[in-house]
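# Overview (structure and organization)
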Amino acid sequence: MNESVRFEDKVVIVTGAGGGLGRAHALLFARHGARVVVNDLGGSAQGEGANASAADRVVAEIREAGGTAVANHDSVTEGEKIVQHALDAFGRLDVVVNNAGILRDKTFHKMDDSDWDLVYRVHVEGAYKVTRAAWPHLREQNYGRVIFTASTSGIYGNFGQSNYGMAKLGLYGLTRTLAIEGRKHNVLVNAIAPTGGTRMTEGLIPPQVFEQLKPELVSPLVVYLASEHCQETSGLFEVGGGWIGKVRWERSLGAGFDPRAGFSPEDVAAHWQQICDFEGATHPKDNIEALKEMMGNLQRYVL
Ligand SMILES: NC(=O)c1ccc[n+]([C@@H]2O[C@H](COP(=O)([O-])OP(=O)(O)OC[C@H]3O[C@@H](n4cnc5c(N)ncnc54)[C@H](O)[C@@H]3O)[C@@H](O)[C@H]2O)c1
């Protein structure tokens, strides 16, 4: 097999790598020569408890296959400890894969603060803490790759996952700004929205499909995004079952009104079809491009 995507001098943190997708990522990174910090708190899929054996087992697997890895059992909410562990063990850090996650599914109607907060804490605060602690090292060495794990539940919504969807699309918001801030330091930042047969999706996906959605089918994208080969930044990729696609924002040409004359809710109603018509739609890549239509409207009437 052609394995030219190599990580010999690189150190990679994969959070939540004691099972599921994170385990598959960690194994593939190690196979491609990376030194891997296998982080996992080892709790339940709902974020209860802790168990060191999850991360330890994956480290043993990596070592048996001739790779290099250390286990870390801290919660991602204590990200600075995980980063320090990478520096203590290997003296550097190049890649952060923010993968750790839990579910506390409930309809919004039944949602309580603890389900909302815990999902926020693990996914958003956890990814923030690990990445924030890693950021100065990546910037200073002028090389870094950061991957966030979003979800189609954030992109498209999913019944019973308001907390999870909020967190997952929040991570894409974080991706977009870190990509802008990291670019000139060669720190590239992307997000994936994976689908894989793991304990998180067991029972939710029909068994024959579950079997085929192997976590290993997500990892090649993650390892590519983390490599020197990759110059992509700010991207969002859906991945699973052997398929990878890129997602982008699309915006209609919209409708412009004369700001001097003012306009009413009735005017909005009258133009609703035009506002929502995607014929000739654009795909703004940044804030400046996004503001062009609005500025054009001001220029047309008042500037
Ligand atoms: N499986 C899917 O189809 C799917 C879909 C969309 C997004 N995701 C996301 O992919 C990621 C991996 O999920 P998975 O399906 O492999 O589930 P999983 O439950 O098998 O793996 C998640 C891992 O994160 C660990 N973890 C949880 N809280 C942690 C914490 N505070 N600190 C450190 N580790 C912690 C867990 O112990 C577990 O090993 C998650 O972020 C999940 O939200 C998965």
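The structure contained in this document is the topic of the report that follows. Note that residues are indexed from 1 along each chain, following the sequence as it is written. The predicted origin of the model limits local features to residues at a pLDDT of at least 70 and limits the giving and counting of side-chain atom pairs to 80 or more, whereas totals for whole chains, interfaces and linings rest on all residues. Side-chain metrics rest on all non-hydrogen atoms present in the structure, leaving aside hydrogens and water.

Once that is clear, we can look at the packing of aromatic side chains. Aromatic rings from Phe, Tyr and Trp, taking only the six-membered ring of Trp, are treated as a pair when their centres fall within 6.5 Å; an angle between ring planes under 30 degrees marks them as stacked, one over 60 as edge-to-face, and anything in between as tilted. For the structure shown, the criterion picks out three aromatic pairs. For the ring pair Phe-7 and Phe-29, a centre distance of 5.3 Å and an interplane angle of 85° mean the geometry is edge-to-face. Taken together, the residues Phe-7 in the segment before β1 (11–14) and Phe-29 in helix α1 (residues 20–31) connect sequence positions 22 residues apart. Type-normalised accessible area, obtained with a 1.4 Å probe on protein chains alone, sets the label of each residue: buried when under 20%, exposed when over 50%, and partly exposed for intermediate values. In this structure Phe-29 comes out as buried when scored by relative accessible area, which is 0%. Between Tyr-172 and Trp-249, the ring centres sit 6.1 Å apart and the planes meet at 55°, which makes this aromatic pair tilted. With Tyr-172 in helix α6 (residues 162–182) and Trp-249 in the loop between β8 (243–247) and α9 (265–270), this pair connects stretches of sequence that are 77 residues apart. Here, a charge over a ring means that NZ of Lys or CZ of Arg falls within 6 Å of the ring centre while also lying within 35 degrees of the ring normal. For Lys-10, the ring lying beneath its charged end belongs to Tyr-143, and the centroid distance is 4.7 Å. Numbering of helices and strands starts at the N terminus; helices are DSSP runs of H or I of at least 4 residues and strands are runs of E of at least 2.

A few words now on the site of the ligand. The near set for a molecule or strand comprises every residue that places at least one heavy atom within 4 Å of it. Close to the ligand lie 30 residues; Leu-21, Asp-40, Asn-99, Tyr-164 and Thr-198 are nearest. The side chain of Ser-75 places a nitrogen or oxygen atom 3.0 Å from a nitrogen atom of the ligand. At 3.4 Å, a backbone N or O of Gly-101 approaches an oxygen atom of the ligand. Per-residue accessibility takes into account occlusion by the displayed protein chains alone, with areas from the Shrake-Rupley method and a 1.4 Å probe. Look at the ligand: alone it shows 820 Å² of surface, and the protein chains cover 95% of it. Tallied by class, residues from the shell around the ligand come to 10 nonpolar, 16 polar and four charged. Under this definition, polar contacts are N or O atom pairs within 3.5 Å; protein pairs additionally need one hydrogen-donor-capable and one acceptor-capable atom, and for neighbouring residues in sequence, both atoms have to be side-chain atoms. Basically, the charged four are Asp, Glu, Lys and Arg, the nonpolar ten are Ala, Val, Leu, Ile, Met, Phe, Trp, Tyr, Cys and Pro, and anything else, Gly included, counts as polar.

Attention shifts here to unusual backbone geometry. Despite not being glycine, Asn-186 has its phi angle at roughly 60°, a positive value. Note that Asn-186 resides in the loop between α6 and β6 (187–194). At Ser-234, a residue that is not glycine, the phi angle is positive and equals roughly 75°. Here Ser-234 is to be found in the loop between α8 (219–225) and β7 (236–240).

In this section: helix α4 (residues 113–140). If you check α4, its first and last C-alpha atoms are 39 Å apart, about what 28 residues at 1.5 Å a residue would give, namely 40 Å. Bend, at a single residue, is the angle you get between axes fitted to the 7 residues ending at that residue and the 7 residues starting at it. Its maximal kink placed at Arg-121, α4 deviates by approximately 40°. Note on α4: the residue one or two positions beyond its end, Asn-142, has a positive phi of about 60°. Any helix carries an expected span of 1.5 Å times its number of residues minus one.

Here α1 is 12 residues long and its end C-alpha atoms lie 17 Å apart, about the 16 Å a rise of 1.5 Å per residue gives. Contacts from the buried residues of α1 go to β1, β2 (35–39), α2 (53–64), β4 (95–98), β6 and α8. Phi turns positive one or two residues past the end of α1, at Gly-33, with a value near 95°. By the convention used here, residues are in contact when the closest approach between their heavy atoms is within 4.5 Å.

What we call a nonpolar core is a set of buried Ala, Val, Leu, Ile, Met, Phe, Trp, Tyr and Cys residues that are connected through their side-chain atoms within 4.5 Å. Counting 41 residues, the largest nonpolar core has Val-83, Leu-93, Phe-148, Val-189 and Leu-236 as its most contacted members. Elements supplying a minimum of two residues to this core: β1, α3 (79–90), α4, β5 (144–149), α6 and β6. Of the residues forming this core, the biggest block, 10 residues, is contributed by α4. In this view, Leu-236 contacts Ala-150, Ile-155, Tyr-172, Ala-191, Ile-192, Ala-193, Gly-245, Lys-246 and Val-247; residues no more than four positions away in its chain are not counted. Leu-28, Ala-30, Val-36 and Val-95 belong to the second largest nonpolar core, which has 32 residues in total.

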